[in-house]
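Each chain is listed here by its residues.
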Amino acid sequence: MTLPGTVQPPTALTIAGSDSGGGAGAQADLKTFLSCHVHGMSAITAVTVQNSLGVTGFYELPPQAVAEQIESVATDIGVGAAKTGMLASAAIMDAVAEAVRRLKVTPLVVDPVAASQHGDPLLRPDALSALRKVILPLATLVTPNLGEVRLLTGLEVRERADMDEAAKALHALGPQWVLVKGGHLPGGDAVDVLYDGSTFAEFAAPRRTTEHTHGSGDTLAAAITAGLARGLDVPAAVELGKAFITGAVAGSFPLGAGLGPVGHFWRVKPWPAQA
Ligand SMILES: Nc1ncnc2c1ncn2[C@@H]1O[C@H](COP(=O)(O)OP(=O)(O)O)[C@@H](O)[C@H]1O
Ligand SMILES: Cc1ncc(COP(=O)(O)O)c(N)n1
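Residues numbered from 1 in each chain as written. Chains lettered and ligands numbered in written order. Predicted model: local features only at pLDDT ≥ 70, side-chain atom pairs only at ≥ 80, totals over all residues.

The name given to the protein chain in an unreviewed UniProt entry is Bifunctional hydroxymethylpyrimidine kinase/phosphomethylpyrimidine kinase, and the organism recorded there is Jatrophihabitans cynanchi. As stated in UniProt under Pathway (unreviewed entry), the record for the protein chain gives "Cofactor biosynthesis; thiamine diphosphate biosynthesis; 4-amino-2-methyl-5-diphosphomethylpyrimidine from 5-amino-1-(5-phospho-D-ribosyl)imidazole: step 3/3." Taken from UniProt, the Function (unreviewed entry) comment for the protein chain reads in full: "Catalyzes the phosphorylation of hydroxymethylpyrimidine phosphate (HMP-P) to HMP-PP, and of HMP to HMP-P." (UniProt positions renumbered as here; feature names shortened; annotations may be inferred.)

(A) Just the site of ligand 2, in detail. Residues in close proximity to ligand 2 total 18 residues, the closest being Gly17, Ala24, Gly25, Ser116 and Gln117. Its residues assigned to classes, the shell around ligand 2 comprises five nonpolar, eleven polar and two charged. (Near = placed C-beta within 6 Å. Nonpolar A, V, L, I, M, F, W, Y, C, P; charged D, E, K, R; others polar.)

(B) Representation of helix α8 (residues 234–250). Look at α8: 24 Å from first C-alpha to last across 17 residues, which is about the 24 Å you get at 1.5 Å a residue. Those residues of α8 lying buried are Val234, Ala237, Val238, Gly241, Lys242, Phe244, Ile245, Thr246, Ala248 and Val249. Turning to α8, the residues buried within the fold contact α1 (25–35), β6 (141–142), β7 (177–181), β8 (189–195), β9 (200–206) and α7 (216–229). (Helix = DSSP H or I, 4+ residues; strand = E, 2+ residues; numbered from the N terminus. Expected span 1.5 Å × (residues − 1). Buried ≥ 20, exposed ≤ 12 C-beta atoms within 10 Å, placed from the backbone. Contact = placed C-beta atoms within 7 Å.)

(C) Summary view of the UniProt feature "domain: Pyridoxamine kinase/Phosphomethylpyrimidine kinase" (unreviewed entry) in the protein chain. Using the residue numbers shown here, the UniProt feature "domain: Pyridoxamine kinase/Phosphomethylpyrimidine kinase" (unreviewed entry) corresponds to residues 19–262. A helix fraction of 40% and a strand fraction of 20% characterise residues 19–262, whose end C-alpha atoms lie 14 Å from each other.

(D) Looking closely at the site of ligand 1. For ligand 1, the set of nearby residues contains 19 residues, the closest of which are Asn145, Lys181, Gly183, Ala190 and Gly217. Looking at the shell around ligand 1 element by element, the count peaks at four residues for α8. Across the shell around ligand 1, the residue classes break down as five nonpolar, nine polar and five charged.

(E) Representation of unusual backbone geometry within the structure. In this model, threonine 106 is joined to proline 107 through a cis peptide bond whose omega is -5 degrees. Assignment of secondary structure puts proline 107 in the loop between α3 (90–102) and β5 (108–110). Of note in the backbone geometry, lysine 104 takes a positive phi value of approximately 50 degrees without being a glycine. Among the structural elements, lysine 104 can be located in the loop between α3 and β5. Lysine 104 sits in the exposed class, given 8 other C-beta atoms within 10 Å.

(F) Focus on the pairing of strand β1 (residues 11–19). For β1, a buried count of nine out of nine residues is recorded, marking the element as mostly surrounded by other parts of the structure. With eight bridges joining them, β1 and strand β2 (residues 39–51) adopt parallel strand pairing. Looking at the pairing, alanine 12 lines up with glycine 40 of β2. Following the chain from β1 across α1 to the adjacent parallel β2, one finds a crossover that is right-handed. Strand direction decides the pairing type here: β1 and strand β4 (residues 81–84), joined by four bridges, are parallel. Residue pairing for β4: isoleucine 15 is matched across the bridge by threonine 84. (Pairing = 2+ DSSP bridges. Right-handed = clockwise from strand over helix to strand, strands pointing away.)

(G) How the structure looks around the sheet that holds β2. Taking strand neighbours across the sheet as the criterion, the nine strands line up as β3-β2-β1-β4-β5-β6-β7-β8-β9 in an open arrangement whose pairing is mixed. The open sheet terminates on both sides in strands that have one partner only, identified here as β3 (54–60) and β9. Relative to β7, β6 is paired through two bridges, and the arrangement is parallel. Along β7, the bridge assignment pairs valine 142 with valine 178. Its contacts with the sheet put α8 on β6, β7, β8 and β9, and the angle it makes with β9 is roughly 15 degrees. (Axes fitted to C-alpha atoms, helices over the stretch in contact; angles between N-to-C directions.)

Next up, the structure:
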């Protein structure tokens with residue numbers, strides 16, 4: 001029901017794992033959707049036991065429970081755009097792919113999450129092939145970091161020039177667009193490369209010296225998804241996403257004894273007492 005004078009905002013769905021520490025996963029996505037003025041919804045795939053020091057375990061939901069969450073929001077509220085994060089297992093990937101196809105959930109941003117920033121696994125080893133064969137062909141855009149490029153293609157990206165070859169190899173796996181993220185490449189700028197099968201575009205921002213970048217990949221993909229939900233095309237949504245993550249990395253902060261998160265509230269007005 002719509003009240004007189006109210007307007008429904010754009011909607012976006014994250015299909016992802018829960019991060020108990022609140023910096024990455026579904027929590028990062030929902031905070032990002034809010035900051036981008038998009039109504040965020042979630043289909044939780046797994047619950048991780050995680051803090052600033054790492055991931056000590058995760059509990060998968062039954063694949064049917066993941067599919068039902070997607071169906072519930074898609075058939076009532078509607079999904080303007082969606083993203084996937086931690087999918088954990090091949091069985092969850094099969095259920096997500098079936099639901100996404102049947103309910104025509106599109107555009108779909110796939111962040112092919114395999115491990116946390118600490119190197120703790122978030123994907124069962126036997127799910128890599130399903131990620132390649134079942135999920136990537138459904139993607140409007142796939143957003144791998146350099147470790148995920150290596151896992152998915154076997155290619156080692158050592159310098160900027162290698163990113164184009166990696167983008168080509170990933171595009172051959174079926175997504176419409178590829179964004180290879182260069183956050184882990186040394187250099188003055190943090191450069192990401194976008195490829196649609198024929199043209200490369202570069203998105204660069206000054207690199208901040210900080211170890212507190214937990215959730216940066218999720219946040220970038222969620223901001224891109226918010227842009228798509230608002231009706232932007234992929235290059236314009238990536239531009240918006242890059243601006244959002246650059247601000248969030250600049251606003252990152254220490255938390256706990258380990259790696260702190262990017263700051264999701266950098267565009268939110270300060271609390272009055274702080275103003
Ligand atoms: N130190 C940094 N300063 C500025 N931007 C960064 C920094 N580290 C990562 N980024 C940007 O954050 C986004 C996430 O990149 P990356 O860290 O490569 O992914 P992931 O979090 O999946 O490992 C990219 O747009 C990348 O360029
Ligand atoms: C539930 C969940 N999803 C994704 C990530 C990856 O984020 P990062 O690479 O910043 O640790 C994570 N740590 N936890």
